[in-house]
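# Understanding the architecture of this molecule
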Amino acid sequence: SVALVLTVALLASVTGLANGFAYDDIPIIVENPMVQEFQGIWDYLAGTYWGQNRGNSLYRPITVIAFATERLIGGGAPWPFHLANVLLYALCSLAVLALLRQLLPKWGALVGALVFAAHPVHVEAVANVVGQSEMLTALPMLIAMTVYLRDRQRGELRTASAVTIIVCQVVAVLSKEHGIVLPALLLLA
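What you see is a predicted model, and the numbers here were worked out from it, not measured in a lab. (Residues numbered from 1 in each chain as written. Predicted model: local features only at pLDDT ≥ 70, side-chain atom pairs only at ≥ 80, totals over all residues. Heavy atoms only, no water.)

### A closer look at the packing of helix α5 (residues 61–74) against helix α6 (residues 79–103)
Packing of α5 against α6 leaves a shortest axis separation of 8 Å and a crossing angle of 125°. In terms of orientation, α5 lies oblique with respect to α6. When you trace α5 past α6, the crossing you get is right-handed. Contacts between α5 and α6 involve F67, E70, R71, I73 and G74 from the first element and W79, P80, F81 and A84 from the second. (Axes fitted to C-alpha atoms, helices over the stretch in contact; angles between N-to-C directions. Helix = DSSP H or I, 4+ residues; strand = E, 2+ residues; numbered from the N terminus. Parallel < 35°, antiparallel > 145°, perpendicular 65-115°, else oblique. Left-handed = near helix turned anticlockwise from the far one by under 90°. Contact = heavy atoms within 4.5 Å.)

Structure follows, in structure tokens:
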């Protein structure tokens, strides 16, 4: 089932590898000095998502670090950014499978993960480079939910699991502000 979900996720997203930069990719990646030249870690922690020249105060240092790393790898070409999106999407699809296995019978978890992997609603998050922040936020949130549900079904939350959830929360929030909802999701679970 893991191989099947991985295959469907890759088939659904691999066409994005040939994409260039579009829309918000231009100001956030192509024109952003924080992405164009690799900075020190403190510069990213103090900087903004759109770059200092844009006046926008969105705070996504992990996403900007990922963009700067991908630009460094590919010399500014779009393919490393799109490859990262495809790989992150495949990992998110596998994380959905792991989460659903905590909640559903095996066949239900597989069907749910396959629907997630093939669903066209994810095109924008995967095809546009800036959508990477969505997956950088979703992946740790999915991992945290899976760890939490696994431990709760076994009895108590282990210390290692609590640390994992806290690290996932930090990574999610520093990737995109949507990560702030993780505690509420854990409470609902």
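There is more to say, and it comes next.
### Let's talk about the pattern of salt bridges
Within this structure, the stated rule accounts for four salt bridges. The residue R150 makes a salt bridge to D151 at a minimum N-O spacing of 3.0 Å. Overall, the relative accessible area of 1% leaves D151 in the buried class. Each of the salt bridges in this network shares a partner with another, and the network as a whole consists of R150, D151 and R158. (Salt bridge = Lys/Arg side-chain N within 4 Å of Asp/Glu carboxyl O. Buried < 20%, exposed > 50% of the residue type's maximum accessible area, 1.4 Å probe, protein only.)

### Some thoughts on helix α9 (residues 132–154)
An α-helix turns once per 3.6 residues; consequently, residues spaced three or four apart project the same way. With 23 residues, α9 should reach 33 Å at 1.5 Å per residue; the first-to-last C-alpha distance of 33 Å fits that figure. Downstream of α9 by a residue or two, G155 has a phi angle that is positive, lying close to 140°. (Expected span 1.5 Å × (residues − 1).)

### Description of the nonpolar core
Judged by nonpolar contacts, the single largest core of 31 residues is most densely connected at M135, L142, I165, L182 and L186. Elements that contribute at least two residues to this core include exactly α1 (2–13), α6, α7 (106–118), α9, α10 (159–175) and α11 (182–188). Among the elements that line this core, the one with the most residues is α9, at 10 residues. Beyond its immediate chain neighbours, meaning those up to four positions away, L142 contacts C92, A95, V96 and L99. The next biggest cluster of nonpolar side chains, apart from the first, holds 13 residues, and it includes I28, Y49, A68 and V129. (Core = buried A, V, L, I, M, F, W, Y, C linked by side-chain atoms within 4.5 Å.)

### Things to note about unusual backbone geometry
Phi at Y23 takes a positive value of approximately 50°, unusual for a residue other than glycine. Among the structural elements, Y23 can be located in the loop between α1 and α2 (25–30).

### Remarks on the side chain of S175
Looking at the secondary structure, you find S175 in helix α10. Side-chain polar atoms of S175 contact the backbone oxygen of V171, separated by 2.8 Å. (Polar contact = N/O pair within 3.5 Å; in protein donor to acceptor, adjacent residues only side chain to side chain.)

### Overview of the environment of Q39
Structurally, the position occupied by Q39 is in the loop between α3 (33–36) and α4 (41–46). Residue classification places Q39 among the partly exposed positions, given a relative accessible area of 26%. Sequence separation between Q39 and E70 is 31 residues; the distance between their C-alpha atoms is 13 Å. Those residues in contact with Q39 that lie beyond four places of it in its chain are P33, M34 and Y44. A polar atom in the side chain of Q39 sits 3.4 Å from the backbone oxygen of P33. There is a polar contact of 2.7 Å between the side chain of Q39 and the backbone oxygen of E37.

### A look at a nonpolar patch on the surface
On the surface, a cluster of nonpolar side chains totalling about 530 Å² of accessible area is made up of V14, L17, I73, W79, L83 and L87. At three residues, α6 tops the list of elements feeding residues into the nonpolar patch. With respect to the helices and strands, V14 occurs in the loop between α1 and α2. V14 sits in the partly exposed class, given a relative accessible area of 36%. (Patch = residues over 30% accessible without salt bridge, like charges linked within 9 Å, V, L, I, M, F, W, Y side chains within 5 Å. Areas by Shrake-Rupley, 256 points an atom, 1.4 Å probe, with all protein chains shown as cover.)

Read these as layout, nothing more, since geometry by itself doesn't imply function.
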